[in-house]
Amino acid sequence: MKKIMFNDHFGLTQAVLEGRKTQTRRLASRFLPDAVRIGYARFEIANGRELRCWTKGTSFIKFNLPYKVGEVVAVAQSYKDAGIEDVTDKDGFSYHTFTIAAYDNKMFVRADLMPHQIRITNVRIQRLQDISDGDCLKEGIRKKWHAPACRYYYYVPGVEVKSIEDVYNTPKEAFARLIDKISGKGTWDSNPWVWVYDFELIK
């Protein structure tokens, strides 16, 4: 089983576990811009398992998807956050998790020990800026009604509202700020190709 990590600083792991986040975007393979440059102009997800890059004719190159439709993936949490105190290695040796790096670093945890899992229900590829307002909310952007203004405003999850700069008029504005914080300043403006995964929490 594979694992997938969501950003804890912005509360995205918790949003997944609470069912508020049901979609995620991941930067696609670096070869895609080269594929476009040499004439592969059309992309297609085949059987939810592979990406096919087509020329104007009938030839294509294919690329296996990082996560496939129907695949069950573990939601990575540190052993501390997952409440795991003891683990047993492949040789049958048991030890306390607080003695290892995975105790508070989810990069090193074992996927089979994670208590929560998601199932990939759909995958597609698109440019980052092609995200819809509805998909911004599926990504975890917060939407709140502001009574004095008689309208909704949008917020980056996990960011304390300290000034008007932390409040956004549209979901896309908030998501652009979020993706730049997670993937690096300028990510939104560079408009890269991304995998778009829809998923459901199953455990």
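Residues numbered from 1 in each chain as written. Predicted model: local features only at pLDDT ≥ 70, side-chain atom pairs only at ≥ 80, totals over all residues. Heavy atoms only, no water.

**Description of the pairing of strand S3 (residues 42–46)**
Here is step 1: Here five bridges tie S3 to strand S4 (residues 50–54), and the two strands are oriented antiparallel to one another. Bridge pairing in S4 links Ala 46 to Glu 50.
Here is step 2: Taken together, S3 and the strand that follows it, S4, pair antiparallel across an intervening segment of three residues, in which Asn 47 is found at a positive phi of about 55 degrees. (Pairing = 2+ DSSP bridges. Helix = DSSP H or I, 4+ residues; strand = E, 2+ residues; numbered from the N terminus.)

**What about unusual backbone geometry?**
Here is step 1: With a phi angle near 55 degrees, Asn 47 is a residue other than glycine that sits in the positive phi range.
Here is step 2: The backbone of Asn 191 shows a phi angle near 50 degrees, a positive value even though the residue is not glycine.
Here is step 3: Relative to the helices and strands, Asn 191 is located in the loop between helix H6 (187–190) and strand S12 (193–201).

**As for the side chain of Asn 191**
Here is step 1: In this structure Asn 191 comes out as buried when scored by relative accessible area, which is 19%.
Here is step 2: Among the polar contacts listed, one links the side chain of Asn 191 to the backbone nitrogen of Leu 128, at a separation of 3.3 Å.
Here is step 3: Within polar-contact distance, the side chain of Asn 191 engages the backbone nitrogen of Gln 129 at 2.7 Å.
Here is step 4: With sequence-adjacent residues up to four places away left out, Asn 191 is seen in contact with Arg 127, Leu 128 and Gln 129. (Buried < 20%, exposed > 50% of the residue type's maximum accessible area, 1.4 Å probe, protein only. Polar contact = N/O pair within 3.5 Å; in protein donor to acceptor, adjacent residues only side chain to side chain. Contact = heavy atoms within 4.5 Å.)

**Some points on the pairing of strand S6 (residues 72–75)**
Here is step 1: Sheet topology note: the strand S1 (residues 3–4)/S6 ladder contains two bridges and is parallel. Of the residues in S6, the one forming a bridge with Ile 4 is Val 75.

**Considering the packing of aromatic side chains**
Here is step 1: Here the structure, examined in full by the defined rule, presents four aromatic pairs.
Here is step 2: Seen from their ring centres, Trp 145 and Tyr 152 are 5.0 Å apart, and the 75 degrees between their planes marks the pair as edge-to-face.
Here is step 3: Among the residues examined, Tyr 152 registers a relative accessible area of 37% and is labelled partly exposed.
Here is step 4: Above the ring of Tyr 152, the side-chain terminus of Lys 143 is found at 4.3 Å from the ring centroid.
Here is step 5: Positioned over the ring face of Tyr 155 is Lys 144, at 5.9 Å from the centre of the ring. (Phe/Tyr/Trp six-rings, centres within 6.5 Å; stacked < 30°, edge-to-face > 60°. Lys NZ or Arg CZ within 6 Å of the ring centre and 35° of its normal.)

**As for the nonpolar core**
Here is step 1: Among the nonpolar cores identified, the biggest contains 37 residues, and Phe 6, Ile 118 and Phe 175 are the most heavily contacted of them.
Here is step 2: Contributions of two or more residues to this core are made by helix H1 (12–17), S4, S6, strand S9 (117–127), helix H5 (171–183) and S12.
Here is step 3: Sort the elements by how many residues they give to this core and S12 lands first, with six residues.
Here is step 4: With sequence-adjacent residues up to four places away left out, Phe 175 is seen in contact with Arg 25, Leu 128, Ile 131, Cys 136, Glu 139, Ile 141 and Trp 188. (Core = buried A, V, L, I, M, F, W, Y, C linked by side-chain atoms within 4.5 Å.)

**A short note on the environment of Asn 7**
Here is step 1: Examined against the element boundaries, Asn 7 turns out to sit in the loop between S1 and H1.
Here is step 2: Along the sequence, Asn 7 and Gly 158 sit 151 residues apart, while their C-alpha atoms lie 10.0 Å from each other.
Here is step 3: Of the polar contacts made by the side chain of Asn 7, one reaches the backbone nitrogen of Phe 10; its length is 3.1 Å.

**Notes on the sheet that holds S1**
Here is step 1: Ordered by their spatial adjacency, five strands build an open sheet running S1-S6-S9-S12-S2, and the pairing between neighbours is mixed. This sheet does not close on itself; its edge strands, each paired only once, are S1 and strand S2 (23–27).
Here is step 2: With three bridges connecting them, S6 and S9 associate as antiparallel partners. In the strand pairing of S9, Ala 74 is matched with Gln 117.

**Let's talk about H5**
What sets the pattern is the α-helix's 3.6 residues per turn: residues three or four places apart point alike.
Here is step 1: Taking 1.5 Å of rise per residue, the 13 residues of H5 would be expected to cover 18 Å, and the 18 Å separating its terminal C-alpha atoms lies within 8% of that figure.
Here is step 2: Listing the buried residues of H5 in full gives Pro 171, Ala 174, Phe 175, Ala 176, Leu 178 and Ile 179.
Here is step 3: Residues of H5 that are buried sit in contact with S2, helix H4 (133–138), strand S11 (151–155) and H6.
Here is step 4: One or two positions beyond H5, positive phi appears at Gly 184, with a value near 115 degrees. (Expected span 1.5 Å × (residues − 1).)

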